[in-house]
Amino acid sequence: MSAKRNEPRLYARPFDPTTMFNRQPEPPPRPPVRSYGQFVNAEGLNLPWPELRLADRGLSVADVRFAGLELRDLNATTGSEGAYLRDSKQPVSAVEFIGAQLVSVKAGAAWTPATASDFSTPIPVETGAASFQWLGEGQEPDTPTDNVFGVVTPSMRWGTCFVEFSRNLAVVSGGLADRLLARSHFRSVSRAIDAATFHGAGGAEPLGLENVPGVGSVAGATFSVAKAASMLKSVESGNANADSVSWAMSPDVAELLRQRPKVSGGERMLFEDGRMLDRPAFVSNSVNPGCLFVGDFPEVTVAIKDVELMLDLSTGSKYGTRTLLAFAFLDIICHRPASFCFATGVS
């Protein structure tokens, strides 16, 4: 009796219409892109936009994607250090656009959404590291040095900037005015947040790195590679993560260091190709003239609660102008002050 061959068996599968003819499920719809000019002309009150909501000072636009607020998006294919940029730009929300403009965030600071309750919750801040001791067989440890933590309670800080314009600008210019007004207005908010991150005096504004107790400082006169190395040593001694340490400087300091050789008569400059002493370096006019910062920027958190717009129709009504105010509600926290150092009067 001959053995039967092993023949493949056919199994019935449930019918799935999404796989018929290699058809893929429909992607989720993109959030709508709104018109800044339409918001102004409608006074923001009667627009059927579900993203808008009544807030403390005006209408919250934190989640609204205005035309003109585009950023280069990332695709799914990654390179050795991250994803590649798409050729096209993708609209983003007002909060995402403001965060993307911050030099502190580009250097690694966290841009984090927050709720009202987060501004009354104490946050630990490390002021001293624990000691570690190796032990032999049967040896008792000495009295250890524990981590030393302080506490910072975030406080709701808020500020505003405004732009005054004629109604004809929004009506006649159309989409060009949308782009101009939206980008200019929200970039002003970004510059103010960056300035507060570096130089905030506390009180009504956030406490910036220059005024946080425990942040190191050096005199910047006749700045040299030795002083730059000393600043790096200061933050590395403060347990900074060497892989995330970056520099931030004002445009005049950048101009100076791009022309200063590392060694006398050398061809390599102290600041070139976007790096200084093998660490990324960023330039911002939100850093005061003559100032230079270095540190582990992921140890900074910018907690943003809301971005709001309010239209003032009365102030310039007799001149035919309108005033649009933008409000930002946030606070800035430095978790490890010893991981930062700054220089003033760089020359």
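Here the structure is a predicted model, which means the values were calculated and not measured. (Residues numbered from 1 in each chain as written. Predicted model: local features only at pLDDT ≥ 70, side-chain atom pairs only at ≥ 80, totals over all residues. Heavy atoms only, no water.)

Caption draft 1: Inspection of helix H6 (residues 225-237) at higher detail. Helix length check: H6, at 13 residues, gives a terminal C-alpha distance of 18 Å against a target of 18 Å (1.5 Å per residue), a fit within 8%. By the burial criterion, the buried members of H6 are Ala-228, Met-231, Leu-232 and Val-235. Buried residues of H6, seen end-on, are gathered within an arc of 100° and therefore sit on one face of the element. Facing away from the buried surface of H6 by more than 90 degrees, the exposed residues are Ala-226, Lys-233 and Ser-237. Of the surrounding secondary structure, the elements contacted by the buried residues of H6 are strand S11 (216-219), strand S12 (245-249), strand S15 (279-283), strand S16 (292-296) and strand S19 (340-344). Once H6 finishes, Asn-239 follows within two positions and takes phi at roughly 65°, a positive value. (Helix = DSSP H or I, 4+ residues; strand = E, 2+ residues; numbered from the N terminus. Expected span 1.5 Å × (residues − 1). Buried < 20%, exposed > 50% of the residue type's maximum accessible area, 1.4 Å probe, protein only. Arc of directions from axis to C-beta. Contact = heavy atoms within 4.5 Å.)

Caption draft 2: Examining the pattern of salt bridges more closely. Tallied over the full model, the rule gives six salt bridges. The shortest N-O distance in the salt bridge between Glu-236 and Arg-279 comes to 3.6 Å. A residue pair is termed long-range when its members are at least 10 positions apart, and Glu-236 in helix H6 and Arg-279 in strand S15 qualify at 43 residues. Its relative accessible area of 39% is what places Glu-236 among the partly exposed residues. (Salt bridge = Lys/Arg side-chain N within 4 Å of Asp/Glu carboxyl O.)

Caption draft 3: Examining the packing of aromatic side chains more closely. A complete count under the given rule lists eight aromatic pairs for this structure. Ring geometry for Phe-66 versus Phe-186: centroids 6.4 Å apart, planes at 25°, classification stacked. Within this pair, whereas Phe-66 is found in strand S4 (residues 65-66), its partner Phe-186 is found in helix H5 (residues 175-199), the two being separated by 120 residues in sequence. Both residues of the pair, Phe-66 and Phe-186, count as buried. Judged by centre distance (6.1 Å) and plane angle (20°), the rings of Trp-158 and Phe-329 are stacked. (Phe/Tyr/Trp six-rings, centres within 6.5 Å; stacked < 30°, edge-to-face > 60°.)

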